[in-house]
Amino acid sequence: MKNRILTNLVILFIGIVVILLLSKCSKEEIIVCGIENVCGDGEDSSWFAEEVESQSEMYNKYFYVIKATYRGEVVFVFQNCCPFCSTIVSVRNCAGATLGYLGTGEDAINTDEILNPVIFWKASENECVFTN
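Below you will find a few notes about this structure. The structure displayed is predicted, hence computed values, not measured ones.

## A look at the packing of aromatic side chains
For the structure on display, the rule yields 9 aromatic pairs. On the basis of an interplanar angle of 50 degrees and a centroid distance of 5.9 Å, the ring pair of F48 and F78 is categorised as tilted. With F48 in helix 3 (residues 46-59) and F78 in strand 2 (residues 73-80), this residue pair connects regions lying 30 residues apart in the sequence. F78 sits in the buried class, given a relative accessible area of 2%. Judged by centre distance (5.6 Å) and plane angle (45 degrees), the ring pair of F63 and W121 falls under tilted. Of this pair, F63 sits in strand 1 (residues 63-70) while W121 sits in strand 5 (residues 115-122), placing them 58 residues apart in sequence. Of the two residues examined, F63 and W121, each falls in the buried class. Pairwise contacts between aromatic rings join W47, F48, F63, F76, F78, F120 and W121 into one cluster. The side chain of R92 reaches across the aromatic face of F78, ending 5.8 Å from its centre.

Here you go:
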């Protein structure tokens, strides 16, 4: 009987720990859970949460953020898969400064220069189809 109670308590404890770990990163805590870990504690990353909120309002279920490397520094590419939108895609560094925009023009950043892209943030209701 004692072993069964102890086993159930251990399972309950493990379940609570897993739930706490999975719920740690929420939209409200995106700065703590993501960008500061990527960019370091020295950067003011409040701009990131503001940009995510702003873009999410515009593009809702089509918006996502890619973390990548551009010319040796960590960057964030604010993209969407909106089928009805003509969008200018900005590339920002950890400080929030816009380094440029994706494209093929004279002052544009070519997508070939964006290295090691990974999806960094997307809403749970995101409808984009991502392939490897």
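## Digging into helix 3
Between its first and last C-alpha atoms helix 3 spans 20 Å; for 14 residues at 1.5 Å apiece the expected length is 20 Å, and the two agree. Within helix 3 the residues assigned to the buried category are W47, F48, E51, V52, Q55, S56 and Y59. Summarising the axial view, the buried residues of helix 3 lie within an arc of 160 degrees, below the 170-degree limit, and thus occupy one face. The outward face of helix 3, more than 90 degrees from its buried face, is lined by the exposed residues E50 and E57. Looking at the residues trailing helix 3, positive phi occurs at N60, about 45 degrees.

## What to know about the pattern of salt bridges
In the structure shown here, the tally under the stated rule is 3 salt bridges. Residues R92 and E51 are paired through a salt bridge, measuring 3.4 Å at the closest nitrogen-oxygen approach. Of the two residues, R92 is situated in strand 3 (residues 90-93) and E51 in helix 3; the sequence distance between them amounts to 41 residues. In this structure E51 comes out as buried when scored by relative accessible area, which is 13%.

Thresholds applied
- Residues numbered from 1 in each chain as written.
- Predicted model: local features only at pLDDT ≥ 70, side-chain atom pairs only at ≥ 80, totals over all residues.
- Heavy atoms only, no water.
- Phe/Tyr/Trp six-rings, centres within 6.5 Å; stacked < 30°, edge-to-face > 60°.
- Helix = DSSP H or I, 4+ residues; strand = E, 2+ residues; numbered from the N terminus.
- Buried < 20%, exposed > 50% of the residue type's maximum accessible area, 1.4 Å probe, protein only.
- Lys NZ or Arg CZ within 6 Å of the ring centre and 35° of its normal.
- Expected span 1.5 Å × (residues − 1).
- Arc of directions from axis to C-beta.
- Salt bridge = Lys/Arg side-chain N within 4 Å of Asp/Glu carboxyl O.

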